[in-house]
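Fold and contact review
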Amino acid sequence: MSPKSADITPEEVYLSRRRFLKQTGATAAGVLLVAGCERTARPSTGHQPPPKPGKTESNRDERGNRLTSYAAVTSYNNFYEFTTNKEGVAAMAAGFKTEPWAVEVGGLVQKPKTFDLDDLRRKFGEEERIYRMRCGEGWSMVIPWLGFPLGSLIKEVEPLAKAKYVMLTSIYDPERLPGQKSTAYSWPYVEGLRLDEATHSLTLLATGLYGKPLLPQSGAPVRLVVPWKYGYKSIKSIVRIDLVEEMPTSLWMRAAPDQYGFFANVNPDVAHKRWTQSTERRITEVRRRKTLSFNGYDDQIAKLYKGMDLERFY
Ligand SMILES: Nc1nc2c(c(=O)[nH]1)N[C@H]1C(S)=C(S)[C@@H](COP(=O)(O)O)O[C@H]1N2
Ligand SMILES: [Mo]
């Protein structure tokens, strides 16, 4: 008996596609899926039952961690523009209109440019990256993103030599984002990276997850993902990207500079003011697990911070 399509979860659809890619010799992490082509080239998997999550080796990250379910990834979110209630974000964000959307890229660049979503997908494509995500509050997930390196977009606009940092800004629209009526935070949400962090190949602009376009609660239509930093650096629903000379002040640095630094690299040895960062709770799991230095990406990342005092430059 084959399952009704309505019973197939997004992760089952996703996993059967991954298995197909594997059988055809493409490694899922390395395959470049250009949107548009992807839609028509998607293989039919109707002739075989989808693999059960946990039964294939492909639903794991490179350290063997299982993917967090699609349901969990899209129903437990931090997105303060809607609400500070993590379980309430999805309902509040349902129906948030992300079309049309424009991302203006400018500041200290040779060629400022405004991209719509089609421009981004057409120009930079969509590749899959399975990343661990570690929120500064002590919970974590493993998420298969679709997106492209932020570095590709930065290259396209040709930064001037003076540019040292990248500043990213989320949408500001209090009529549609009720959380922005709260004066507790200085809206819009702003984040920043040093230019070498921003152009590191791990740094992603994500447009989808589990093979589907982002839902509003995940930061549709385009959000940042910096897997070796605490989750708050991974700014959602981006409308502006500026190359700048000075270190940007993020919303979290403004709110509590003693608790939220510019770098925010995952570091089990530096406690938050109010809780330890040495362990974390993987969402849908019961027992806490050890938090890894740079969230387990130290082999690729540690060299960016050579000589820096990681406790002082939090
Ligand atoms: N614009 C915006 N971006 C944001 C946030 C936010 O409140 N607003 N929360 C951040 C925090 S604290 C985390 S942990 C991640 C959560 O991403 P997720 O809900 O997709 O897991 O988004 C980050 N990006
Ligand atoms: Mo977070």
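Use the structure listed above.
Worth saying up front: this structure is predicted, and the values here are computed from it rather than measured. (Residues numbered from 1 in each chain as written. Chains lettered and ligands numbered in written order. Predicted model: local features only at pLDDT ≥ 70, side-chain atom pairs only at ≥ 80, totals over all residues. Heavy atoms only, no water.)

The environment of ligand 1 is made up of 16 residues, and the closest members are Asn-77, Tyr-80, Glu-81, Ser-234 and Lys-236. Glu-81 places a polar side-chain atom, nitrogen or oxygen, 2.8 Å from a nitrogen atom of ligand 1. Between ligand 1 and the protein, one listed contact pairs an oxygen atom with a side-chain N or O atom of Lys-236 at 2.7 Å. When ligand 1 is considered free in solution it has 540 Å² of accessible area, and contact with the protein chains removes 98% of it. (Near = heavy atom within 4 Å. Polar contact = N/O pair within 3.5 Å; in protein donor to acceptor, adjacent residues only side chain to side chain. Areas by Shrake-Rupley, 256 points an atom, 1.4 Å probe, with all protein chains shown as cover.)

Take empty space enclosed by the protein next. Per the counting criterion, the structure on display carries one cavity of 30 Å³ or more. By volume, the largest cavity amounts to about 40 Å³. Forming the walls of the largest cavity are Arg-132, Met-133, Arg-134, Val-225, Val-226, Pro-227, Lys-229, Gly-231 and Ser-234. Grouping the constituent residues of the lining of the largest cavity by class yields four nonpolar, two polar and three charged. (1 Å grid on protein atoms, 1.4 Å probe; cavity = no way out; pocket = protein on both sides within 12 Å on 5 of 7 lines; lining within 4 Å. Points joined across faces, edges and corners; volume = space filled by probe spheres on them. Nonpolar A, V, L, I, M, F, W, Y, C, P; charged D, E, K, R; others polar.)

A word on the side chain of Ser-250. Considering the arrangement of structural elements, one finds Ser-250 in the loop between strand 11 (238–244) and helix 8 (251–255). Within polar-contact distance, the side chain of Ser-250 engages the backbone nitrogen of Met-253 at 3.0 Å. Beyond its immediate stretch of four places on either side in the chain, Ser-250 contacts Val-190 and Glu-191. (Helix = DSSP H or I, 4+ residues; strand = E, 2+ residues; numbered from the N terminus. Contact = heavy atoms within 4.5 Å.)

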